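Chain by chain, the residues:
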Amino acid sequence: MKCNIVTYTVCEVYPGPNLNVVLGANGTGKSSIVCAICLGLAGKLSFLGRADKIGLFVKQGCMKGIVEIELFKSPGNITITREIYVVNNASVWFINRKPATLKTVEEQIEDLNIQVDNLCQFLPQDKVGEFTKLSKTELLEATEKSIGSPEMYQFHCELKNFREKERELENLCREKTTSLEKMKQRVERYKQDVERYHECKRHVDLIEMLERKRPWVEYENFREQHEEVKQYRNQVKKELKCLKEMQAPWTRRIQEAEENLRNLDMKTRDNTAEIKNISQKCKEKQDALDMKDKQIEEINQAFRMKKDEETNRQKKIQQTQIIIEEWQNELDTMAVCESLQPQIDAVNTELKKLQEERANIDNDISDLRAEKTNQEREEKRIIDRLGQLNNIMHMKEENLKMRFRDTHSALMWLRNNKDKFKKKTCEPMMLEINVKDSAHAKYIENHISDNDMRAFVFECQEDMETFLVRDHQKLRVNAVCAPAESYAGSLPSRPIEELHRYGFYSYLRELFDAPPPVMNYLCYQYRVHDVPVGTQKTRDMIETVIQETGLKQIYTAEERYVIKVSSYTKQNLSSNTCLREARYLTNSVDTDERGQLENQGQDIKNTLKSLDARLTALLDRQKLLEHRDNKLRQKKKALLERGNRRRQLESKIGVKHDSLRQLEQDAIDLEKEFQLANAKIKEINKQKSELVTELMHLMKRIIPLNVIKVALTHQMTRVTAEKNRLQSEYKAATVQLRAAQQRFHELDNKKQLLYEKCIELMKQARHVCRLGPDQDFPEEFQVAFQTLPNTLEEIDAFLNEERTRASCFTGLSASVVEEYNKQTQEIQQLTEYLEGKKNELNNYKQNISQVKEKWLNLLKVMIEQINGKFSKFFSSMQCVGEVDLHMENEEEYEKYGIRIRVKFHSSTELHELTPYHQSGGEKTVSTMLYLMALQELNRCPFRVVDEINQGMDPINERRVFEMVVETACKKRTSQYFLITPKLLQNLTYNDKMTVLFVYNGPFMLETYKWDMKRFRKRRQRLSSMND
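Source: prediction; values computed, not measured.

> Explanation requested: the overall build of the protein chain in the structure shown.
Broken down by element type, the protein chain carries 24 helices and 24 strands. Its C-alpha atoms give the protein chain a radius of gyration of 72 Å, clearly above 31 Å, the size a compact globule of 1027 residues would have. Structurally, the protein chain occupies a C-alpha span of about 200 × 140 × 100 Å along its principal axes. Burial analysis of the protein chain (1027 residues in total) assigns 37% to the buried set. Contacts in the protein chain between residues at least 24 apart in sequence constitute 73% of all its contacts with a sequence separation of at least 6. As displayed, the protein chain has an accessible area near 62,200 Å², and 50% of this comes from carbon and sulfur atoms. Once the 166 positive and 160 negative side-chain charges of the protein chain are each reduced to a mean point, those two points are 1 Å apart.

So, in structure tokens, the structure goes:
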């Protein structure tokens, strides 16, 4: 085997045919040999567990790695070579130096029964712990592949496949049997539905024939009714004619009675009108009498009221006299009031002074509040204006932040660290410069470079250096230092008035404001104090301006001119450029106005504080005066009440005397009032007697008229009775006549309706039978109609009965018959298919029985052999170990497995080998002994075990090593590779062993310098010298 991967640049290994012990210190490359075996034999990277890309196994610094393995095979060996490329993680395969595919390599390896992914055959260092994690099933399959005959694993796979197919067929047969049963049940239901469908069809045909006959029967009934009505109509017509001839005499006598009644009625109305006229006059006289009685009652009521009024006056006089007497007694007992006027005058004087002082304070408060309101209004105006100016500054700062983010960050740092600078510092010029008119901004921006527009201005070099360091911030910003000498006040070369005739109206310096350091720098660096700005007029006469003014830089409305003197010709050379639009100074702030506003705002704040203090003092004084005023008023009120009580009593007594005199003057003469009332009543009684006389005269006139009215009423009653009798007789005859006429009209209408109905029924009957207008009635219908009922009642009853029977057959259609035939055919097909699958299932069961017997025989023999070897090894270590076949269900072949049970201590029971129950050393010993038990039974060409002895104690390690040597060095055993970093002293060795020492490191001899004979001679010489 040759390789140059992982730790090796060049490595060639010659193993022996039996046990090969690969020995070397950690890190020398023992496991690299294992990796080379796995990779060279097409092993998966995941099995090694070291890397997920093949290129990572190439030695670091190399672009390609090679693994070459020579395998024994009769009659000739085969050499497999794998070239690994780092660039694209690709591999190229060769067999016997000829290119080959991975699939060809895998087929060759499989023919030799090499299984590098089988832990029972190939156990690398990183997979030692996973052996005990193998499930029983996985362990059985690995063991079968490793030591079982080729047929055993094939039988096992066939059993699992047969069982899976058997399970599928059983499920399929079960499902199809269930489906077949459901289909048979469905067909059985369909069979009943088909029978019901045919029965329903018979009922429907009978209903159709009944519905065809019914119109003809109905037509015949109506035709017979038409004939009967026609005969009865003619008979009623004759009776009507006789009744009309008998009615004429009654009509004449009724007319005579009506004429007599009209005459009597006229007389009665005249008599009634005269009686009504006299009755109205009687009513008027009676109303007049009632009015006179009412007048008399009103006179009596007025006299009674005067009488009551006089009684009340007398009571009021008595009550007033009592009150006057009580007040007079109180007044007599009251002492003479002391003189209170001096005290009242003193209180009034003090109140007057307080009121004057309060008035003055109110005026002062009003003036202060008015002044405060004016100041607050002015303060609000200033704040609003400052807000507008600050908003413009904010817009300029946002423009700076958007265009120069580092400059804006430095600006924020500057504002927070102004205490670090000795002199005044100025923010970027684009923030400090305020153009007076935004239209002039383009001149300033075209004159000053962009770098200086965003540059900070300092007054001393030390401050600028402090700023540029900025706590080691890595920001790209510009900074300039203003000259120590003042240039801001420099005068231009000539006054601007001399340049007006050329269209110039100002120098650049006058177009903007800036702090002194900024203006000083701009005058020094850009001479803004000596660069004029002109108009379109300047542009029109630009040649004259250049020749006559001698200016170096000038601006017109839209252009900039720079004039230089040629060093050779001494002539003026001019260049002009169009002005770009302003970007930084379009939003300008008037700094003078801003400063004035800030000063005014501060003055207003101070004034407001002073006004608030004065207003507070005045309000406190006002409250004190108000409290004093309330006390004086209460004192004055008490003094006045004491002095006014006597005057109040005297005044009240005077008022009551006046009231008493008025009551005495208002006395009423009841006698006189009584006489006046009697006189008025006598006059009214006289008028009443006259009215009674007139009323009696009218009553005498109305009596004869009533007698005449009664006579007329009697005559009208007699004539009316006669008329009513005649009308009654006439009416009876008329009723009989009208009844006859009504009967005639009804019969005539009925005859017409019956005729139309007959025509309609005839058309309907022919339509139902599908007959043409001139087509004769078919004979088949006549024969069919003879067996059916002949009356409508019988036909309707028969129809209802048949329809009821037909309605019982709901949900039926012709598709039921089609579905029945279809389902019957499907049942036949499914029965045949199911029979075939059952036969196939029986065949599978027979195959399973045959294969199972063969497999179990081989398997049991294999497990008995393994168990014998395994138990023997454990017995030699004074321990107990067993290997047996484990199954949960005899038919579940995929769940068959090998169970390993071990006991390391005599006091414990046998326990199944698991990743958790045993210790690390016990698991390692169990794994190693199991692999040794497989060694003699092994049919694979070699086995690799990497550093499995690391977890063992020295006793177990010695015992296991001896077993490995004994087992692997026997005849007819496969090649064995045992990888270990160390060996115990005084171990048992065998001549068939091959020990491969792995030396690797920076001081290792080159391969071509290795001379084993010279090494042995040197060792012998050193030994003799020591002796």
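> Can you walk me through unusual backbone geometry in this structure?
Backbone phi values are negative for most residues with the exception of glycine, while trans is the configuration of most peptide bonds. The omega torsion of the bond from Ser74 to Pro75 falls at 5°, within 30 degrees of zero and hence cis. Looking at the element boundaries, Pro75 is found in the loop between strand S4 (64-71) and strand S5 (78-85). One non-glycine residue with positive phi stands out, namely Ala42, at about 65°. Counting through the fold element by element, Ala42 comes out in the loop between helix H1 (30-40) and helix H2 (45-48). The residue Asn986 is not glycine, and still its phi comes out positive at about 60°. On the basis of relative accessible area, Asn986 is assigned to the exposed category, the value being 72%.

> Quick question: what am I supposed to make of the UniProt feature "coiled-coil region" (unreviewed entry) in the protein chain here?
Feature annotation in UniProt places "coiled-coil region" (unreviewed entry) on residues 166-302, 337-385, 660-757 and 820-854, given in this structure's numbering. From the first C-alpha to the last, residues 660-757 spans 114 Å; its make-up is 96% helix and 0% strand. With 100% helix and 0% strand, the stretch residues 820-854 has end C-alpha atoms that lie 51 Å from each other.

> Could you clarify how one ought to interpret the domain arrangement of the protein chain in this entry?
The accessible area lost on association of the parts is a frequent measure of interface size. Domain boundaries assigned for the protein chain yield domain 1 (2-128 + 923-932 + 943-1002), domain 2 (134-210 + 836-914), domain 3 (221-333 + 670-755) and domain 4 (434-584). Distance from the C-alpha centre of domain 1 to the C-alpha centre of domain 2: 39 Å. Each partner contributes to the interface: domain 1 provides 17 residues, whereas domain 2 provides 20 residues. Across the domain 1/domain 2 interface, buried area totals approximately 1,600 Å², and carbon plus sulfur atoms make up 65% of it. When the area that domain 1 buries against domain 2 is broken down by residue, the three leading residues are Ser926, Leu929 and Tyr930, summing to 36%.

> Can you walk me through the side chain of His529 in this structure?
Looking at the secondary structure, you find His529 in the loop between helix H14 (516-526) and strand S15 (532-533). Residues within four places of His529 in sequence aside, it is in contact with Ser490, Leu491, Pro492, Tyr507, Arg509 and Cys523.

> What is the right way to look at the sheet that holds strand S3 (residues 19-23) in this model?
Strands pair in a sheet through their backbones, by hydrogen bonds, and they do so in one of two ways: parallel or antiparallel. Strands sit in the order S8-S22-S23-S3-S24 across an open sheet of five strands; the sheet is parallel. The open sheet has two free edges, formed respectively by strand S8 (122-123) and strand S24 (994-997), since each of these has just one partner strand. Alignment of S3 against S24, held across four bridges, turns out to be parallel. Following the sheet pairing, Val22 is matched in S24 by Leu996. Strands S3, S8, strand S22 (942-946) and strand S23 (975-980) of the sheet are contacted by H1, whose axis makes an angle of about 140° with S22.

> Please explain the sheet that holds strand S20 (residues 897-903) as it appears in this structure.
Read from one edge to the other, the open sheet built from three strands follows the order S19-S20-S21, with strand pairing classed as antiparallel. Edge positions in the open sheet fall to strand S19 (880-886) and strand S21 (911-912), since each of these has one partner strand only. Bridging between S20 and S21 involves two bridges; their strand directions are antiparallel. Note that in S21 the partner of Arg901 across the bridge is Glu912.

> Could you clarify how one ought to interpret the packing of aromatic side chains in this entry?
The relative placement of two aromatic rings is captured by the distance of their centres and the angle of their planes. Tallying each qualifying case throughout the model produces twelve aromatic pairs. Residues Phe303 and Phe674 carry aromatic rings whose centres are separated by 5.6 Å and whose planes lie at 55° to one another, so their mutual orientation is tilted. With Phe303 in helix H7 (residues 248-333) and Phe674 in helix H18 (residues 670-768), this pair connects stretches of sequence that are 371 residues apart. Overall, the relative accessible area of 40% leaves Phe674 in the partly exposed class. Members of the aromatic cluster, each reached through a chain of ring pairs, are Trp413, Phe421, Phe456, Phe458 and Phe467.

> Even after reading the chapter, I still don't get a positive patch on the surface, so can you show me in this structure?
Taken together, the side chains of Arg1014, Arg1018, Arg1019 and Arg1021 make up a positively charged region of the molecular surface. Here Arg1014 shows up in helix H24 (residues 1012-1026).

> Please clarify how the pattern of salt bridges should be interpreted in this entry.
Between side chains of opposite charge, pairing is possible as soon as their charged atoms come close. Counted under the stated rule, the structure contains 28 salt bridges. Taking the shortest distance from any N to any O, the salt bridge between Glu559 and Arg539 comes out at 2.8 Å. Here Glu559 is found in strand S17 (residues 559-565), whereas its partner Arg539 is found in helix H15 (residues 536-540), with 20 residues between them in sequence. The salt bridge involving Glu882 is made with Arg901; its shortest N-O contact spans 2.9 Å. Separated by 19 residues along the polypeptide, Glu882 in strand S19 and Arg901 in strand S20 bring together distant segments of the chain. The class of Arg901 is partly exposed, set by a relative accessible area of 25%.

> Even after reading the chapter, I still don't get the nonpolar core, so can you show me in this structure?
A general trend in soluble globular proteins is that nonpolar side chains are found buried together. Leu19, Trp855, Phe870, Ile900, Met928, Leu929 and Tyr976 are the most contacted members of the largest nonpolar core, which has 61 residues in total. Only S3, helix H5 (136-147), helix H6 (150-246), helix H21 (814-876), S20, helix H22 (920-935), helix H23 (954-968) and S23 provide two or more residues apiece to this core. Per-element tally for this core: the top contributor is H21, with 16 residues. The residue makeup of this core includes at least three contributed by each of domain 1 (2-128 + 923-932 + 943-1002) and domain 2 (134-210 + 836-914). Membership of the second largest hydrophobic core comes to 44 residues, among which are Ala410, Cys426, Val435 and Leu511.

> Is there a simple way to think about a negative patch on the surface in this case?
A cluster of acidic residues, Glu106, Glu107, Glu110 and Asp111, forms a negative patch on the protein surface. Its location among the elements puts Glu106 in helix H3 (residues 102-111).

> Would you mind showing me how to read the pairing of S23 here?
The two faces of a sheet get side chains in turn, since along a regular strand they alternate between them. For S23, the tally of buried residues reaches six of six residues, placing the bulk of the element in the interior. Of the two faces of S23, the one holding Gln975, Phe977 and Ile979 and the one holding Tyr976, Leu978 and Thr980 are both buried throughout. Sheet analysis places S3 next to S23, joined by five bridges and oriented parallel. Paired with Leu19 across the bridge in S23 is Tyr976.

> Before we go on, may I ask you to explain the side chain of Thr81 in this structure?
With respect to the element layout, Thr81 can be found in strand S5. Note on Thr81: relative accessible area 7%, which makes it buried. Sequence-distant contacts of Thr81, defined by excluding residues within four places in its chain, comprise Ile66, Val67, Glu68, Val92, Trp93, Phe94 and Arg97.

> Would you mind going over the pairing of S5 with me for this structure?
The buried fraction of S5 is high, at seven of eight residues. Where S4 meets S5, eight bridges bridge the pair, whose relative direction is antiparallel. What sits directly across from Gly65, in S5, is Ile84. Taking the residues between adjacent antiparallel strands as the criterion, S4 and S5 are bridged by six residues. Pairing of S5 with strand S6 (residues 90-95), which is carried by six bridges, proceeds in the antiparallel orientation. Directly across from Arg82, in S6, lies its bridge partner Trp93. Linking S5 to S6, which pair antiparallel, is a turn of four residues; within it Asn89 sits at a positive phi near 55°.

> I'm lost on the environment of Lys903 in this one. Help?
On the secondary structure map, Lys903 appears in strand S20. When the C-alpha atoms of Lys903 and Phe874 are compared, they prove to be 8.8 Å apart, with 29 residues separating the residues in sequence. With residues up to four places along the chain from it excluded, the contact list for Lys903 reads Cys879, Val880, Thr908, Glu909 and Leu910.

> Could you clarify how one ought to interpret a nonpolar patch on the surface in this entry?
Among the surface-exposed residues, Val995, Phe997, Tyr999, Leu1005, Trp1010 and Met1012 lie close enough to one another that they form a single nonpolar patch of about 610 Å² accessible area. Along the chain, Met1012 falls in helix H24.

Conventions and cut-offs
Residues numbered from 1 in each chain as written. Predicted model: local features only at pLDDT ≥ 70, side-chain atom pairs only at ≥ 80, totals over all residues. Heavy atoms only, no water. Helix = DSSP H or I, 4+ residues; strand = E, 2+ residues; numbered from the N terminus. Rg over C-alpha atoms; globule rule 2.2 N^0.38 Å. Buried < 20%, exposed > 50% of the residue type's maximum accessible area, 1.4 Å probe, protein only. Contact = heavy atoms within 4.5 Å. Areas by Shrake-Rupley, 256 points an atom, 1.4 Å probe, with all protein chains shown as cover. Lys, Arg positive; Asp, Glu negative; His and termini not counted. Charge placed at Lys NZ, Arg CZ, Asp CG, Glu CD. UniProt positions renumbered as here; feature names shortened; annotations may be inferred. Domains from an automatic or database assignment. Buried area = accessible area lost by both parts, 1.4 Å probe. Pairing = 2+ DSSP bridges. Axes fitted to C-alpha atoms, helices over the stretch in contact; angles between N-to-C directions. Phe/Tyr/Trp six-rings, centres within 6.5 Å; stacked < 30°, edge-to-face > 60°. Patch = residues over 30% accessible without salt bridge, like charges linked within 9 Å, V, L, I, M, F, W, Y side chains within 5 Å. Salt bridge = Lys/Arg side-chain N within 4 Å of Asp/Glu carboxyl O. Core = buried A, V, L, I, M, F, W, Y, C linked by side-chain atoms within 4.5 Å.

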